[in-house]
Amino acid sequence: MNVLPKRPPTALLLFTLFLFGLSLSLVFPVLPFIAARYVPDPGQQSVVIGLLAATTSLLAFFGSPVLGALSDAFGRRPVILLTLLGSAAGYLLFGIGGSLAMLFLGRVLDGVAAGGMGALFAYIADTTSEENRARVFGQVGAAVGAAMIVGPAVGGLLAHFGTSTPVFVAAGVTLLNLLWAGAALPETLVPEKRRPDFGLAHLNPLLHLRQALAAPLVRRLVTVSALFILPFSLMQVALPVMARDLLHWGPGQVGTVLMVSGLSDVVAQGLLLPFLIRTLGEGRVARAGLALGVAGMAGLALLPLRPLALWVYLGVTLLALGEGIYTACMTTLISLAVPDSEQGRVQGGTQAVGQLAQVAGPLVGGQLYARLGPAATFGVGAVMVVMALGALLGIRLPRATDAVAA
């Protein structure tokens, strides 16, 4: 069992993650419109948006295992602070813009910084018991979901003062988060539980990724997650473009549907998840989340047949509910499969594979949308989630009572 701090700083961590989600979601409504400044051809805009998203994910793929392993060796706190600093710098460069090259440079910095999410999840594992871990991961998802409610709405309003305004505000919020975390978040990984063997050779991300996925159970669970993350990231690129093209929505309306997505996430993880886990257990709830994901993707695929806002809201709501309960349960299951000294490495490796899926998702989504249209884009997404559900049905899942002791 974990040796926990006397007062696990759950509330402080939730506020940190709320600010993280707020800075991220402020930018969502304006991304297609910022890219349109530098790409006049509407047919190529979805491709460029996909490349921008893929750049962030690719850099996070290389950074996640290294930063997770660094947090195992030197503590969670310095890695979290470094993550926030790099993210603020990335937003600032993206807001300054001036050329596509500057936009991509901003995404590079933000992508490297995003690799620190593994340290954040390891921080949660440090400060929660195995029995309560799913509940706390659900609270984390609800905090980020609450930010996703506020962020897109505020971002859409700020866009009236210029499309770059939400990006600069995101940089400011991230800097505020850095100051808050520096003052309020203590270190949670005690020295005797740190890995003492970290050296220059450990800066190789592929080494950590291979070690993180060495356990067969972890490898299977991460594969299922990748099969869900891939279409979900595809949706994040294609949805704003589809709403603009079929429904003629602007940033404010795109922000509204993303706000609904965040509200659904809060309901799923903050209200439904504790009851569902007590009743069904993490494994069944994760499978139910994937089933909702299939329904949401299928609903969005129907939009071109009848372009109604109702289809967008229904599809996004089902997808967000499914993603919310699935993600909290899957993160818990992976954390239960490894000891304390490996949490940073494995959570970082998990994040890395997820980021790799988010490289492929926007690239595939942008190309599918440009060549075949939105129906095929979301139809492919629905098939991928079906594959994830089928794979999860064949895995014997860990429980808190089976978890690996430190």
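Provided above is the structure to which this section pertains.
Procedures and definitions
- Residues numbered from 1 in each chain as written.
- Predicted model: local features only at pLDDT ≥ 70, side-chain atom pairs only at ≥ 80, totals over all residues.
- Heavy atoms only, no water.
- Helix = DSSP H or I, 4+ residues; strand = E, 2+ residues; numbered from the N terminus.
- Buried < 20%, exposed > 50% of the residue type's maximum accessible area, 1.4 Å probe, protein only.
- Contact = heavy atoms within 4.5 Å.
- Areas by Shrake-Rupley, 256 points an atom, 1.4 Å probe, with all protein chains shown as cover.
- Salt bridge = Lys/Arg side-chain N within 4 Å of Asp/Glu carboxyl O.
- Patch = residues over 30% accessible without salt bridge, like charges linked within 9 Å, V, L, I, M, F, W, Y side chains within 5 Å.
- Polar contact = N/O pair within 3.5 Å; in protein donor to acceptor, adjacent residues only side chain to side chain.
- Axes fitted to C-alpha atoms, helices over the stretch in contact; angles between N-to-C directions.
- Parallel < 35°, antiparallel > 145°, perpendicular 65-115°, else oblique.
- Left-handed = near helix turned anticlockwise from the far one by under 90°.
- Nonpolar A, V, L, I, M, F, W, Y, C, P; charged D, E, K, R; others polar.
- Phe/Tyr/Trp six-rings, centres within 6.5 Å; stacked < 30°, edge-to-face > 60°.
- Lys NZ or Arg CZ within 6 Å of the ring centre and 35° of its normal.

Visitor: Even after reading the chapter, I still don't get the overall build of the protein, so can you show me in this structure?
Guide: Counting its secondary structure elements, the protein contains 15 helices and zero strands. Looking at the protein residue by residue over its 406 residues, the buried ones come to 57%. Considering only intrachain contacts with a sequence separation of at least 6, the fraction spanning at least 24 residues in the protein is 88%. Split by element, the accessible area of the protein, about 15,600 Å² in all, is 71% carbon and sulfur.

Visitor: Would you mind going over the side chain of Ser87 with me for this structure?
Guide: The residue Ser87 is located in helix 4 (residues 76-96) in this model. In this structure, Ser87 is in contact with Asp110, Ala113 and Thr174, ignoring residues within four places of it in sequence.

Visitor: Teacher, can you tell me more about the pattern of salt bridges here?
Guide: Side-chain pairs of opposite charge can arise where the charged atoms are in close proximity. Following the criterion strictly, the structure yields one salt bridge and no others. Here Arg244 ties to Asp245 by a salt bridge, and the two come within 3.1 Å at their closest N and O atoms.

Visitor: Help me understand the environment of Val359, please; the structure alone is not making it clear to me.
Guide: Note on placement: Val359 falls in helix 14 (residues 343-372). With 298 residues separating them in the primary sequence, Val359 and Phe61 have C-alpha atoms 8.6 Å apart.

Visitor: Would you explain a nonpolar patch on the surface in this entry?
Guide: Together, Leu58, Phe62 and Leu356 line one region of the surface with nonpolar side chains, adding up to about 240 Å² of accessible area. Positionally, Leu356 belongs in helix 14.

Visitor: So what exactly am I meant to see when it comes to the environment of Thr377 here?
Guide: Checked against the element boundaries, Thr377 lands in helix 15 (residues 374-393). What makes Thr377 buried here is its relative accessible area of 0%. Thr377 sits 13 residues away from Val364 along the chain, and the two C-alpha atoms are 8.5 Å apart. Discounting chain neighbours no more than four positions away, the residues touching Thr377 are Leu234, Ala238, Gly365, Leu368 and Tyr369. Within the local environment of Thr377, its side chain forms a polar contact with the backbone nitrogen of Tyr369, the two atoms lying 3.3 Å apart.

Visitor: Mind showing me how you'd approach the packing of helix 11 (residues 251-280) against helix 13 (residues 309-336) here?
Guide: When two helices pack together, their arrangement is captured by the angle between the axes and the distance separating the axes. Between helix 11 and helix 13, the shortest axis-to-axis distance is 8 Å and the interhelical angle comes to 40°. As far as their axial angle goes, helix 13 and helix 11 are oblique. Taken as a pair, helix 11 and helix 13 cross one another with a handedness that is right-handed. Counting all contacts with helix 11, which are made through Thr256, Val257, Val260, Ser261, Ser264, Asp265, Ala268, Gln269, Leu273, Leu276 and Ile277, the residues of helix 13 involved are Val312, Tyr313, Val316, Thr317, Ala320, Leu321, Glu323, Gly324, Ile325, Ala328 and Cys329. When its residues are assigned to classes, the contact of helix 11 with helix 13 shows 14 nonpolar, six polar and two charged.

Visitor: Whenever I open this one, the side chain of Thr83 confuses me. Can you help?
Guide: Tracing the backbone shows Thr83 in helix 4. Discounting chain neighbours no more than four positions away, the residues touching Thr83 are Ala113 and Gly116.

Visitor: Even after reading the chapter, I still don't get the packing of aromatic side chains, so can you show me in this structure?
Guide: If you walk through the whole model with that rule in mind, you get two aromatic pairs. Taking 6.0 Å as the distance between ring centres and 50° as the angle between the ring planes, the aromatic pair formed by Trp249 and Tyr313 counts as tilted. In this pair, Trp249 is assigned in the loop between helix 10 (216-247) and helix 11 and Tyr313 in helix 13, connecting sequence segments 64 residues apart. The ring of Phe94 carries Arg107 above its face, with NZ or CZ at 4.7 Å from the centroid.

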